[in-house]
Amino acid sequence: MADPARARKLADRIKVIIAKRLDRGLRDPRLGFVTITDVQVTGDLQHATVFYTVYGTDQERADTAAALTAATGMLRSEVGKNITARLTPTLEFQLDAIPENAAHIEDLLRQAREHDTEVAGLAAGASYAGDEDPYVKPREFDEDEAEGSRED
């Protein structure tokens, strides 16, 4: 088992190598606008999962996934040339769900704002069911009452 810091450094290095190679371009017309978001390397440094996002439609995402799968061998050899590890890790490309998750979170926040606005509107026209301040307060005596009770 490798040191986790070493695995993180290797993952960062693989991310840079693949991003640079994709920036120079592949000869595959199916490849869309790809962004490498993260790389995770297993503890034994033998397998790397590359997370990526694609700007575009679902068809462009599917085409880019096919292009990356086809270019996996070439990208792995590029990684092997540029790292100093004894073994070159296998690469697996995984579509990152960050844009979909962000859209879902934005939708949930919009629904929460609408609900808060609705509740605030209901609260503005509402009245208390009982007293405004239902908590029992200690009795306050007037000075005359307090002196009269002490004289007895």
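Just above, that's the structure.
The numbering scheme is per chain: residues are counted from 1 as the chain's sequence reads. In view of the model being predicted, local features appear only for residues whose pLDDT reaches at least 70, and side-chain atom pairs are presented and counted only at 80 or more, with totals across whole chains, interfaces and linings using the full set of residues. The basis for the side-chain values is all heavy atoms of the structure; hydrogens and waters are excluded.

**Brief notes about the pattern of salt bridges**
Reasoning step 1: What counts as a salt bridge is simple: a side-chain nitrogen of Lys or Arg found within 4 Å of a carboxyl oxygen of Asp or Glu. Per the stated rule, a full pass over the model turns up seven salt bridges.
Reasoning step 2: When the shortest N-O distance is used, the salt bridge between E78 and R24 registers 3.1 Å. In this pair, E78 is assigned in helix 3 (residues 72–82) and R24 in helix 1 (residues 4–24), connecting sequence segments 54 residues apart.
Reasoning step 3: With a 1.4 Å probe rolled over the protein chains alone, any residue whose accessible area is under 20% of its type maximum counts as buried; one over 50% counts as exposed, and the rest are partly exposed. Given the relative accessible area of 16%, E78 is considered buried.
Reasoning step 4: Linking E100 and R61 is a salt bridge whose minimum nitrogen-to-oxygen distance equals 3.6 Å. Taken together, the residues E100 in helix 4 (residues 98–124) and R61 in helix 2 (residues 58–70) connect sequence positions 39 residues apart. Helix and strand labels come from DSSP, where a helix needs a run of H or I of at least four residues and a strand needs a run of E of at least two; each type is numbered from the N terminus.

**Considerations on the sheet that holds strand 1 (residues 33–41)**
Reasoning step 1: Spatially, 1-2-3 is the arrangement adopted by the three strands of the open sheet, whose pairing is mixed. A strand with exactly one partner marks an edge of an open sheet, and here the two such strands are strand 1 and strand 3 (90–95). The average angle at which neighbouring strand axes cross in this sheet is 30°, direction not considered.
Reasoning step 2: Strand pairing is assigned whenever DSSP identifies at least 2 bridges connecting the two strands. Summarising the sheet, strand 2 (residues 47–55) and strand 3 pair through six bridges and their orientation is parallel. Looking at the pairing, A48 lines up with L91 of strand 3.
Reasoning step 3: The contact rule is simple, with two residues in contact once any of their heavy atoms fall within 4.5 Å. Axis lines are fitted through C-alpha atoms, for helices just across the contact stretch, and the angle between N-to-C directions can take any value from 0 to 180 degrees. Running at roughly 160° to strand 1, helix 1 makes contact with strand 1, strand 2 and strand 3 of the sheet.

**Here's the deal with helix 2**
Reasoning step 1: Compared with the 18 Å implied by 1.5 Å per residue over 13 residues, the 18 Å span of helix 2 between its first and last C-alpha is a close match.
Reasoning step 2: Buried residues of helix 2: T64, A67 and L68, and no others. Burial along helix 2 is one-sided: seen end-on, the buried residues are contained in an arc of 95°. Away from its buried face by more than 90 degrees, helix 2 exposes D58, Q59, T69 and A70.
Reasoning step 3: As for helix 2, its buried residues are in contact with helix 1, strand 1, strand 2, helix 3 and strand 3. A helix is expected to span 1.5 Å multiplied by its residue count minus one. Directions pointing from the helix axis toward each C-beta atom define the arc.

Interpretation in functional terms is not warranted from these geometric data alone.
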